[in-house]
Amino acid sequence: MQTRKLGRQGLEVSALGLGCMGMSDFYGTRDEAESIATINHALDRGVTFLDTADMYGSGANEELVGRVVRERREWVVIATKFGNMRAADGTFLGVNGRPDYVRSACDASLRRSGLDLFDLYYQHRVDPDVPIEETVGAMAELVTAGKVRYLGLSEAAPETIRRAHAVHPITALQTEYSLWTRDVEADILPTCRELGIGFVPYSPLGRGFLTGQIKSPDDLVEGDSRRNHPRFQGDAFQANLDLAASVAALAAEKGCTPAQLALAWVLAQGDDIVPIPGTKRRRYLDDNLGALEVELSDSDLARISAALPPGAAQGTRYPAASMAAVGR
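Read on for a plain summary of the structure. Predicted model only: the values in this text are computed from it and were never measured. (Residues numbered from 1 in each chain as written. Predicted model: local features only at pLDDT ≥ 70, side-chain atom pairs only at ≥ 80, totals over all residues. Heavy atoms only, no water.)

## Examining the sheet that holds strand β3 (residues 18-19)
Part 1 of the argument: Reading across the sheet, the 7 strands line up as β3-β4-β5-β8-β9-β10-β11 and stay open at both edges, with parallel pairing between neighbours. For this open sheet the edge positions go to β3 and β11 (198-202), each flanked by a neighbour on one side alone.
Part 2 of the argument: By the bridge criterion, 5 bridges tie strand β8 (residues 118-123) to strand β9 (residues 148-154) in an arrangement that is parallel. Across the sheet, Phe118 pairs through a bridge with Val148, a residue of β9.
Part 3 of the argument: Strands β5 (77-82), β8, β9 and β10 (170-176) of the sheet are contacted by helix α4 (residues 132-144), whose axis makes an angle of about 155 degrees with β9. (Pairing = 2+ DSSP bridges. Helix = DSSP H or I, 4+ residues; strand = E, 2+ residues; numbered from the N terminus. Contact = heavy atoms within 4.5 Å. Axes fitted to C-alpha atoms, helices over the stretch in contact; angles between N-to-C directions.)

Quick look at the structure:
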């Protein structure tokens, strides 16, 4: 397995991680047996970087990941997040970055997972009512206490990243990035590179759209949160199908799958980038890992970028309420 370094503090992970969210939440039906098999298969294939959060399944995802990795904990890098509060029934309760909540959230995540520490601890969304210095100060206390090793932010604005990094080194920033979500290229990626912060793209396959597997909104089962996303609705859906078709055509030329081409493009954007495509099935995991064998020339990269330039995707990537919480 190829490896990459995140940040300048010493964290090294597999070049592709595994996003575990969909195993417990948001993307329709759950199959715990297959999810467990998928995590174990990822570890067997050399994936060392697993991503979860306390809000996924209202804690169920942390429990699942912790239960599976305990036997191989010494070499598995576990990243989790706090800040998006949810009730047991899944109701969203708001964003919380208060220092006392930082501490209690970490302790609760450790209890659920059965782990002694987390390798990477992210603030899931920035709390606009709490200075980032206070939140990161509390996160830094967790490092001193030996509860987490490295700190991260998710969906933070460049100025917030700078202020946070001045309090304690930020090892990684997690933000959506793919061929149909390229806005980070303008100022977020340059800020991370200036400060030596690793970049972890989530949804690098456009929430599955770029794989070519989704042909109609009806392909998403009832309860799949993507049904509420503007990019998966109405005229935007039809326009975005054309983008997915472009990916499929370019992939056919390269002799790889659309998912592999899309992931290979993200990987080619820099050695400081570690995508975490999510899947809950082994066959898709193997398909994603095949991206590591896809070599893209400068000409390939130029053609792909021209086919899906920044801003090409139609519709916002989240509904309005969720969009308001990004880029703070």
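What follows continues from the structure just given.
## Comments concerning the side chain of Asn96
Part 1 of the argument: Along the chain, Asn96 turns up in the loop between β7 (92-95) and α3 (99-113).
Part 2 of the argument: Side-chain polar atoms of Asn96 contact the backbone nitrogen of Arg98, separated by 2.9 Å.
Part 3 of the argument: Those residues in contact with Asn96, other than ones at most four positions away along the chain, are Phe82, Gly83, Met85, Tyr101 and Asp127. (Polar contact = N/O pair within 3.5 Å; in protein donor to acceptor, adjacent residues only side chain to side chain.)

## Section: helix α6 (residues 188-195)
Part 1 of the argument: Listing the buried residues of α6 in full gives Ile188, Leu189, Thr191, Cys192 and Leu195. Viewed along the axis of α6, the buried residues span an arc of 160 degrees, placing them on a single side of the element.
Part 2 of the argument: With its phi angle positive at about 75 degrees, Gly196 sits one or two positions after the end of α6. (Buried < 20%, exposed > 50% of the residue type's maximum accessible area, 1.4 Å probe, protein only. Arc of directions from axis to C-beta.)

## Overview of helix α9 (residues 282-289)
Part 1 of the argument: Three or more residues of α9 are buried, namely Leu285, Asn288 and Leu289. Axial view of α9: buried residues confined to an arc of 95 degrees, hence all on one face.
Part 2 of the argument: Of the surrounding secondary structure, the elements contacted by the buried residues of α9 are β3, α1 (32-44) and α8 (258-267).

## Considerations on unusual backbone geometry
Part 1 of the argument: With a phi close to 55 degrees, Glu155 is a non-glycine residue in the positive phi region.
Part 2 of the argument: Tracing the backbone through its elements, the reader meets Glu155 in the loop between β9 and α5 (158-167).
Part 3 of the argument: Residue Glu155 is classed as buried on the basis of its relative accessible area of 3%.
Part 4 of the argument: Despite not being glycine, Arg207 shows a phi value in the positive range, around 55 degrees.
Part 5 of the argument: Tracing the backbone through its elements, the reader meets Arg207 in the loop between β11 and α7 (234-254).

## So, the nonpolar core
Part 1 of the argument: Core analysis: the biggest nonpolar cluster contains 81 residues, and Leu18, Ile39, Leu50, Val69, Leu153, Leu173 and Phe199 have the highest contact counts within it.
Part 2 of the argument: In terms of residue count, the dominant contributor to this core is α8 (8 residues). (Core = buried A, V, L, I, M, F, W, Y, C linked by side-chain atoms within 4.5 Å.)

## Focus on the pairing of β5
Part 1 of the argument: Of all 6 residues making up β5, 6 are buried, and the element is well covered by its neighbours.
Part 2 of the argument: As paired strands, strand β4 (residues 49-51) and β5 are joined by 3 bridges and run parallel to one another. Within β5, the position partnered with Leu50 by the bridge is Ile78.
Part 3 of the argument: Here 4 bridges tie β5 to β8, and the two strands are oriented parallel to one another. Each bridged residue has a counterpart across the sheet, and for Thr80 the counterpart in β8 is Tyr121.

## Some words on the pattern of salt bridges
Part 1 of the argument: A full pass over the atoms with the stated rule returns 24 salt bridges.
Part 2 of the argument: A salt bridge links Asp25 to Arg86; the shortest N-O distance between them is 2.4 Å. With a gap of 61 residues between them, Asp25 in the loop between β3 and α1 and Arg86 in strand β6 (residues 84-86) connect regions that are remote in the sequence.
Part 3 of the argument: Each of Glu155, Glu176, Arg207 and Arg317 takes part in a single network of salt bridges with overlapping partners. (Salt bridge = Lys/Arg side-chain N within 4 Å of Asp/Glu carboxyl O.)

## Description of the pairing of β10
Part 1 of the argument: Among the 7 residues in β10, 7 count as buried, and that is most of the element.
Part 2 of the argument: Bridge analysis of β9 against β10 gives 4 bridges, and the strand direction is parallel. Note on β10: the bridge partner recorded for Ser154 is Gln174.
Part 3 of the argument: Traced from β9 through α5 to β10, the parallel crossover comes out right-handed. (Right-handed = clockwise from strand over helix to strand, strands pointing away.)

## Quick look at the packing of α3 against α4
Part 1 of the argument: Between α3 and α4, the shortest axis-to-axis distance is 8 Å and the interhelical angle comes to 35 degrees. Judged by the sense of rotation from one axis to the other, the crossing of α3 with α4 is right-handed. Touching Pro99, Val102, Arg103 and Cys106 of α3 are Glu134, Thr135, Ala138, Met139, Glu141 and Leu142, all from α4.
Part 2 of the argument: Among the residues making up the contact of α3 with α4, the classes are represented as 6 nonpolar, 1 polar and 3 charged. (Left-handed = near helix turned anticlockwise from the far one by under 90°. Nonpolar A, V, L, I, M, F, W, Y, C, P; charged D, E, K, R; others polar.)

## Examining the state of the cysteines
Part 1 of the argument: The tally for this structure, following the rule as stated, stands at 0 disulfides.
Part 2 of the argument: The cysteine Cys20 is free of any disulfide, with Cys106 supplying the nearest cysteine sulfur at 18 Å. (Disulfide = S-S within 2.5 Å.)

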